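Residue strings, one per chain:
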Amino acid sequence: MVPVLEVEHLKKVFAADNARDLLAVDDVSFAVHGGEKVAIIGESGSGKTTVARMIARLTDVTAGRVLLQGEDITQLTGRKLREQYRKMQLVFQSPVDSFDPRCTLGDGIAEALQNFGWQRREAWQETERLLVLCGLTAEIAARYPHEVSGGQCQRAAIARALAVQPQLLILDEATSALDVTVQADILALLAQLQRELSLAYLFICHDIALVQDFCDRVLVMHAGRIVEEGTPDAVIGNPQQAYTQRLIDSVL
Ligand SMILES: Nc1ncnc2c1ncn2[C@@H]1O[C@H](COP(=O)(O)OP(=O)(O)OP(=O)(O)O)[C@@H](O)[C@H]1O
Ligand SMILES: [Mg+2]
């Protein structure tokens, strides 16, 4: 089976004005297979978000390739890129910011559906179905982003990400702004969706304890590189790198 996502020798250099250029991502390669839950952990500034942004083409790559189901999307633009976006969706840390404050949550989700060819009436029915699938009531569709809790808004953001029936969700600190019990609820929702829809996840997080039960595989990033990789039990139970050990010690 072709992996859902392959990242090959990805590299990002940010040009600095006066100081040296910053090598934020340095030769990162990994794959995510269908239905697999892969975590990227690492301290602040280790390059996790930059990897996610390059995969989503929000940031240009300096070198390397991103393949979605075997197709190189690194140079795609316009309609061809939009078609590929159906396979992959992003969910960010701040769900409120990911919705337009002037539109209801339902509008935001229905718009995503209509952008992909749904008729308005069907788009609204599907919006309500997606909200319920994500543990909300259909009534939430009429509310504005500031009229729901952070956890509810993140569920709505996940519902919108699911609108295009992606195979891969990239979640960048998607639970970090939520309190611990709500974090657990969202992880339970993600696990349920993974079982029902065979979704794959790239779950970016700096909390190693959080990913322990949830993920199949963990990649540890340090200073732009993947320094360690394995099952959560192997990485947490028997870390090979002093850096990983420090990461574990700092949160457990
Ligand atoms: N647009 C940019 N311009 C210049 N430098 C950047 C830019 N975006 C990120 N960086 C730098 O690249 C490095 C990696 O940043 P990145 O946001 O990927 O880290 P991260 O692992 O996601 O951290 P955190 O856990 O705090 O979210 C950091 O040194 C950061 O300052
Ligand atoms: Mg980040």
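In what follows, the accompanying structure is described.

Calculation rules
- Residues numbered from 1 in each chain as written.
- Chains lettered and ligands numbered in written order.
- Predicted model: local features only at pLDDT ≥ 70, side-chain atom pairs only at ≥ 80, totals over all residues.
- Heavy atoms only, no water.
- Helix = DSSP H or I, 4+ residues; strand = E, 2+ residues; numbered from the N terminus.
- Buried < 20%, exposed > 50% of the residue type's maximum accessible area, 1.4 Å probe, protein only.
- Pairing = 2+ DSSP bridges.
- Axes fitted to C-alpha atoms, helices over the stretch in contact; angles between N-to-C directions.
- Near = heavy atom within 4 Å.
- Polar contact = N/O pair within 3.5 Å; in protein donor to acceptor, adjacent residues only side chain to side chain.
- Areas by Shrake-Rupley, 256 points an atom, 1.4 Å probe, with all protein chains shown as cover.
- Nonpolar A, V, L, I, M, F, W, Y, C, P; charged D, E, K, R; others polar.
- Contact = heavy atoms within 4.5 Å.
- Salt bridge = Lys/Arg side-chain N within 4 Å of Asp/Glu carboxyl O.

A look at unusual backbone geometry
- Non-glycine residue Gln 69 carries a positive phi angle of around 45°.
- By the secondary structure assignment, Gln 69 is in the loop between strand S4 (63-68) and strand S5 (71-72).
- Under the relative-accessibility criterion, Gln 69 is labelled partly exposed at 38%.
- Of note, the phi angle at Ser 198 is positive, near 50°, even though the residue is not glycine.
- Position of Ser 198 among the secondary structure elements: in the loop between helix H7 (180-197) and strand S8 (200-204).

Some remarks on the sheet that holds S8
- Spatially, S6-S7-S8-S3-S9-S10 is the arrangement adopted by the six strands of the open sheet, whose pairing is mixed. Only two strands of the sheet have a single partner each, and these edge strands are strand S6 (88-91) and strand S10 (225-230). With strand direction ignored, the average angle separating the axes of adjacent strands in the sheet is 20°.
- Note: strand S7 (residues 168-172) against S8, five bridges, orientation parallel. Within S8, the residue paired with Leu 169 across the bridge is Tyr 201.

Digging into the site of ligand 1
- What surrounds ligand 1 is a group of 13 residues, the closest being Ser 44, Gly 45, Lys 48, Thr 49 and Thr 50.
- The separation between an oxygen atom of ligand 1 and a polar side-chain atom of Ser 44 is 2.5 Å.
- Expressed as a share of its isolated accessible area of 640 Å², the protein-covered part of ligand 1 is 59%.
- Listing elements by their share of the shell around ligand 1, those giving two or more residues are strand S2 (22-32) and helix H1 (48-55).
- Counting residues per element, the shell around ligand 1 draws most heavily on H1, which supplies three residues.
- Among the residues forming the shell around ligand 1, the class breakdown is three nonpolar, seven polar and three charged.

A few points about the sheet that holds S2
- Taking strand neighbours across the sheet as the criterion, the four strands line up as S2-S1-S4-S5 in an open arrangement whose pairing is antiparallel. Where the open sheet ends on each side, the last strands, each with one partner, are S2 and S5.
- As paired elements, strand S1 (residues 5-14) and S2 share seven bridges and run antiparallel to each other. Across the sheet, Lys 12 pairs through a bridge with Val 25, a residue of S2.
- Contacts from H1 reach S1, S2 and S4 within the one sheet, and its direction differs from that of S1 by about 115°.

Notes on the pattern of salt bridges
- All told, the structure shown has nine salt bridges when counted by the stated rule.
- Close ionic contact of Glu 8 with Arg 65 constitutes a salt bridge, the shortest N to O distance being 3.0 Å. With Glu 8 in strand S1 and Arg 65 in strand S4, this residue pair connects regions lying 57 residues apart in the sequence.
- Residue classification places Arg 65 among the partly exposed residues on the basis of a relative accessible area of 35%.
- We note a salt bridge from Glu 139 to Arg 143, for which the minimum N-O separation is 3.1 Å.
- On the basis of relative accessibility, which here comes to 46%, the residue Glu 139 falls in the partly exposed class.
- We classify Arg 143 as partly exposed; its relative accessible area is 25%.
- Where salt bridges share partners, they join Glu 8, Arg 65 and Asp 72 into one cluster.

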